[in-house]
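What the coordinates show
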Amino acid sequence: MPIVPRIPPDARTYLPYVLWFTMVCGGTGLMALFVAVDTLVGPALLFKVAARSGLYLFFAGIALLPVHLFAYCFNRPRFLITPAWRHEVGPFIAIWHRLRGR
C-alpha cells in the first residue's frame, strides 16, 4: 500500500484510508487516460465523460480525507474503525485525558 506523507495508513483507520486513497488514485488515473487519449486521438464525447468522472472521483476522495483524519484522531465513527480498536479512544482524546489528569 502506498503511503502518503504525514497521513499514515494506520491499522485502526485502514478503511477510511482506502476509501479516500482509491478514489483519488482512480480519479487521477481517469484524468491521465483522458489527457493521453485526447492528445493521441482528439476530442471525443466518451472520453470527456470519463474525464468528468475522474474529476468527480478525485474531489470525492479529497472530501473523504477529513473523514479519515477525524476517524484517526477521535476514533469516531465506530463503524469505520477496525473492530480490534473500536473500544479504544483516539490519540487526541488520550492526550486530552492526560492533560486533564485522569
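Heads up: the structure comes first, above all this text.
How each quantity is defined
Within every chain, residues take consecutive numbers counted from 1 along the sequence as written. Reporting in this predicted model follows two pLDDT cut-offs: at least 70 for local features of residues, and 80 or more for side-chain atom pairs to be given and counted; totals over whole chains, interfaces and linings ignore these cut-offs and use all residues. Side-chain metrics in this entry use all non-hydrogen atoms of the structure; hydrogen atoms and water are not considered. Secondary structure elements follow DSSP: runs of H or I of four or more residues count as helices, runs of E of two or more count as strands, with numbering from the N terminus. Polar contact is defined as a pair of N or O atoms within 3.5 Å, subject to the rule that within protein one atom must be able to donate a hydrogen and the other to accept it, and that residues adjacent in sequence are counted only when both atoms are side-chain atoms. In this description, contact between two residues means that some pair of their heavy atoms is separated by no more than 4.5 Å. As used here, the term nonpolar core means buried Ala, Val, Leu, Ile, Met, Phe, Trp, Tyr and Cys residues forming a set that is joined through side-chain atoms within 4.5 Å. A simple rule labels every residue: compare its accessible area, found with a 1.4 Å probe on the protein chains alone, to the largest value its type can have, and call it buried under 20%, exposed over 50%, or partly exposed in between. To get an axis, fit a line to the C-alpha atoms, keeping to the stretch in contact for a helix; angles then go from 0 to 180 degrees between the N-to-C directions. Following the grouping adopted for this structure description, the nonpolar residues are Ala, Val, Leu, Ile, Met, Phe, Trp, Tyr, Cys and Pro, the charged ones are Asp, Glu, Lys and Arg, and the polar ones are all others, Gly among them. Only Phe, Tyr and Trp rings are paired, with Trp represented by its six-membered ring, and only when their centres lie within 6.5 Å; those with planes under 30 degrees apart are stacked, over 60 edge-to-face, the remainder tilted.

**Description of the side chain of T13**
Of note, T13 is situated in the segment before α1 (14-40). Of note is the side chain of T13, whose polar atom sits 3.3 Å from the side chain of H68. Setting aside anything within four residues of it in sequence, one finds T13 in contact with H68, A71, Y72 and I81.

**A closer look at the side chain of N75**
Looking at the element boundaries, N75 is found in the loop between α2 (45-74) and α3 (91-100). Of the polar contacts made by the side chain of N75, one reaches the backbone oxygen of W85; its length is 3.0 Å. Setting aside its immediate chain neighbours within four residues, N75 contacts R12, F70, I81, W85, R86, E88, V89 and G90.

**Describing the nonpolar core**
Formed by Y17, W20, F21, V24 and L65, the largest nonpolar core amounts to 5 residues. Looking at this core, the element that brings in the most residues is α1, giving 4 residues.

**Observations concerning the packing of α2 against α3**
Relative to each other, α2 and α3 sit at 35°, their axes nearing to 4 Å. Across from Y72, C73 and F74 in α2, the residues of α3 making contact are P91, F92 and I93. Partitioned by chemical class, the residues of the contact of α2 with α3 number 6 nonpolar, no polar and no charged.

**As for the packing of aromatic side chains**
According to the stated counting rule, one finds 6 aromatic pairs in the structure shown. With centroids separated by 5.7 Å and ring planes inclined at 80°, the aromatic side chains of Y17 and W20 adopt a geometry described as edge-to-face. Of this pair, Y17 and W20 both sit in helix α1, 3 residues apart, which is roughly one turn of the helix. Overall, Y17 belongs to the buried group, its relative accessible area being 0%. Residue classification places W20 among the buried positions, given a relative accessible area of 5%. Between the aromatic rings of F70 and F74, the centroid separation amounts to 4.9 Å while the plane-to-plane angle is 45°, which identifies the pairing as tilted. Here F70 pairs with F74, and both are found in helix α2, just 4 residues apart, close to one helical turn. Aromatic rings pair up to connect Y17, W20 and F21 into one cluster.

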